[in-house]
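Survey of secondary and tertiary structure
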Amino acid sequence: MSTIFAAEISIAGGAYDLDGITGYTPASGDTITVCPIGPDSADTNSADDGYGDGNIKAFVEWGSSTWTVKVSDSSYAGKILVIIVK
């Protein structure tokens, strides 16, 4: 049976190591889905807070015994939805 972790992480500086998720032990065979969900620091209107940022791409890379979420714009400071299947 698969174990599924779902977490909302806050990212700043372009990267976040997933070993920071409580209860999750990274493995190279994990299946990971990531999606930017905003808001980021550029949002100045609270009406925009529920909307994602359209030009941000999120992806994961394996290295140093953990998965790292990275974004296409290192100035993005916002939230990423992470779903992990072990």
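Predicted model only: the values in this text are computed from it and were never measured. (Residues numbered from 1 in each chain as written. Predicted model: local features only at pLDDT ≥ 70, side-chain atom pairs only at ≥ 80, totals over all residues. Heavy atoms only, no water.)

Strand order across the open sheet formed by three strands is S1-S6-S3, with antiparallel pairing between neighbours. Because the sheet does not close on itself, it has two edges, and the strands there are strand S1 (4-11) and strand S3 (31-36). Neighbour-to-neighbour, the strand axes of this sheet turn through a mean angle of 20°, independent of strand direction. Where S3 meets strand S6 (residues 78-85), six bridges bridge the pair, whose relative direction is antiparallel. Paired with valine 34 across the strands is valine 82, a residue of S6. (Pairing = 2+ DSSP bridges. Helix = DSSP H or I, 4+ residues; strand = E, 2+ residues; numbered from the N terminus. Axes fitted to C-alpha atoms, helices over the stretch in contact; angles between N-to-C directions.)

This structure, assessed with the given rule, holds three salt bridges. The salt bridge involving glutamate 8 is made with lysine 79; its shortest N-O contact spans 3.5 Å. Taken together, the residues span a long stretch of sequence, with glutamate 8 in strand S1 and lysine 79 in strand S6 at a distance of 71 residues. Between aspartate 30 and lysine 86 there is a salt bridge, with its nearest N and O atoms 3.2 Å apart. Residue aspartate 30 is found in the loop between strand S2 (15-17) and S3, and its partner lysine 86 is found in the segment after S6; the two are separated by 56 residues along the sequence. A relative accessible area of 9% means that aspartate 30 is categorised as buried. (Salt bridge = Lys/Arg side-chain N within 4 Å of Asp/Glu carboxyl O. Buried < 20%, exposed > 50% of the residue type's maximum accessible area, 1.4 Å probe, protein only.)

Among the nonpolar cores identified, the biggest contains 17 residues, and Leu18, Tyr24, Ile32, Val69, Ile80, Val82 and Ile84 are the most heavily contacted of them. Contributing elements (two or more residues each) for this core: S1, S3, strand S5 (66-71) and S6. The greatest single-element share of this core, amounting to four residues, is contributed by S1. Other than its neighbours up to four places away in sequence, isoleucine 84 contacts Thr3, Ile4, Phe5, Leu18, Ile21, Tyr24, Asp30, Thr31 and Ile32. (Core = buried A, V, L, I, M, F, W, Y, C linked by side-chain atoms within 4.5 Å. Contact = heavy atoms within 4.5 Å.)

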